[in-house]
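This is what each chain is made of:
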Amino acid sequence: MKKLENYLERIDENIFIHGLDLKSFHCKHSKKVMPIIENKFHFSTYYYWIQGKSPIPISVLKIFSRVDKNVLDKAYKEMKAASVGNKKIFLPKKFDKKLAYLIGSIHGDGGMHKNQKYVTIANDSKEYLEDMISILFQDIFKVRTRVSKFKNIYRAEVGSRAVCSFLSLFCPFGKKTGLLHIPKEVKSDEKLKISYLSGLFDTDGCIGYGKNNTYFTFVQRDKIFVFEVYECLKSLGIHVNEPKIFYSPVKPYSEGRDLEEWRIYIGSKKDLYNLLSKISFYHPSKKTKAEKVKVIVGLVGFEPTTFSILSSARQGNVIASRPQAHKT
């Protein structure tokens, strides 16, 4: 787990921060701040902010910081919740395993809508989205997720400008190709690497087996990002050959292979043993395949050195505790 640096200056300034008490700020700086705000806000609104009766928008905290540079740090330390509109959500101050996994899953098969209001993760498993992704959003942000079917896949969607603004610190809005990077917090912590890779591979990795082979592959168009994943795997002591160009069909079932992508491929039993001894799969079908591959490569009865993303008690009751669809 890593403490997150104060990010209030880097997220949407229209987000409101709850739980602040700025009476001491008013006592020390009222003569300086009053002339600044008198033509911007009604005095009654200001006093509600100062007394902690109303949440304060980040844009106003930035104005206050012209008078006292410590205001934003104080606000970050005291922040209890955030909102844009009526619904409160929680903004994390720590980068833990759950957040690392969720960001990995967004990097894998998720996206941040360019309107900056929605984050979506697509998957072939409704169970995975409801019993893993939805619960992670609830645990991390106290926000509920809508899971719906779209053509042949399912989508978990959260509508919250505040959540999206926070996640934009690690995930780009709109297209991802060429813009993805493994967060620095992940790169500097082994447990966070494992969690991040679990989320990434659960949504955009492939594990399989046949009569004569077992394998794991990870393929994306973004060469720089694929090499970051490669370096991350190596730093965990997982042997993997350098990524190679891989040509795929431009569209599913189309003829020819004209799409240039980059592929990480692990085929040897020894290297798969090493991968599966450290990285867990939580996606139902991938977890089942991983268990079968473990038998093939000799990992019978072996417990991975990784961790459960959700507590064992929560995992045992995920359906009962599943949050209902809700939009913020």
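Model, not experiment: these values are computed from the prediction.

**Some remarks on the packing of aromatic side chains**
Taken as a whole, this structure holds 18 aromatic pairs when the rule is applied. Within the aromatic cluster, the residues linked to one another by ring pairs are Tyr7, Tyr76, Phe95, Phe137, Phe141, Phe166 and Phe170. Residue placement shows Arg155 over the ring face of Phe150; its charged tip is 4.3 Å from the ring centre.

**Side note on the pattern of salt bridges**
Here the idea is simple: oppositely charged side chains can pair when their charged atoms come close. Taken as a whole and assessed by the stated rule, the structure comprises 10 salt bridges. As a salt-bridge pair, Lys294 and Glu291 come within 3.1 Å of each other at their nearest N and O atoms. One end of the pair, Lys294, and the other, Glu291, are both in helix H12 (residues 284-297), three residues apart, so they sit about a helical turn from each other.

**As for the sheet that holds strand E2 (residues 16-18)**
In spatial order, the strands read E3-E2-E4-E5; together these four strands make up an open sheet with antiparallel pairing. Pairing within the sheet leaves two strands with one partner each, and these edge strands are strand E3 (56-57) and strand E5 (88-89). Bridge analysis of E2 against E3 gives two bridges, and the strand direction is antiparallel. Across the sheet, the residue bridging to Ile17 is Ile56, located in E3.

**Brief notes about the confidence of the model for the chain**
A residue-level look at the chain finds 88% of positions with pLDDT of 70 or above and a mean pLDDT of 89. Low pLDDT (under 50) marks residues 316-321, which in the prediction has six contacts with non-local residues, meaning those over four places away or in another chain. Residue range residues 323-328 is modelled with pLDDT below 50. Its contacts to residues more than four positions away, or to other chains, number 17 contacts.

**Things to note about the pairing of strand E14 (residues 259-266)**
On any regular strand, side chains alternate: one points to one face of the sheet, the next to the other face. Direction of pairing for strand E12 (residues 214-220) relative to E14: antiparallel, over a ladder of five bridges. Within the sheet, the bridge partner assigned to Phe218 lies in E14 and is Ile264. Note that strand E13 (residues 244-248) and E14 share five bridges and pair antiparallel. For Lys244, the partnering residue across the bridge sits in E14 and is Arg263.

Cut-offs applied
- Residues numbered from 1 in each chain as written.
- Predicted model: local features only at pLDDT ≥ 70, side-chain atom pairs only at ≥ 80, totals over all residues.
- Heavy atoms only, no water.
- Phe/Tyr/Trp six-rings, centres within 6.5 Å; stacked < 30°, edge-to-face > 60°.
- Lys NZ or Arg CZ within 6 Å of the ring centre and 35° of its normal.
- Salt bridge = Lys/Arg side-chain N within 4 Å of Asp/Glu carboxyl O.
- Helix = DSSP H or I, 4+ residues; strand = E, 2+ residues; numbered from the N terminus.
- Pairing = 2+ DSSP bridges.
- pLDDT = per-residue confidence, 0-100.
- Contact = heavy atoms within 4.5 Å.

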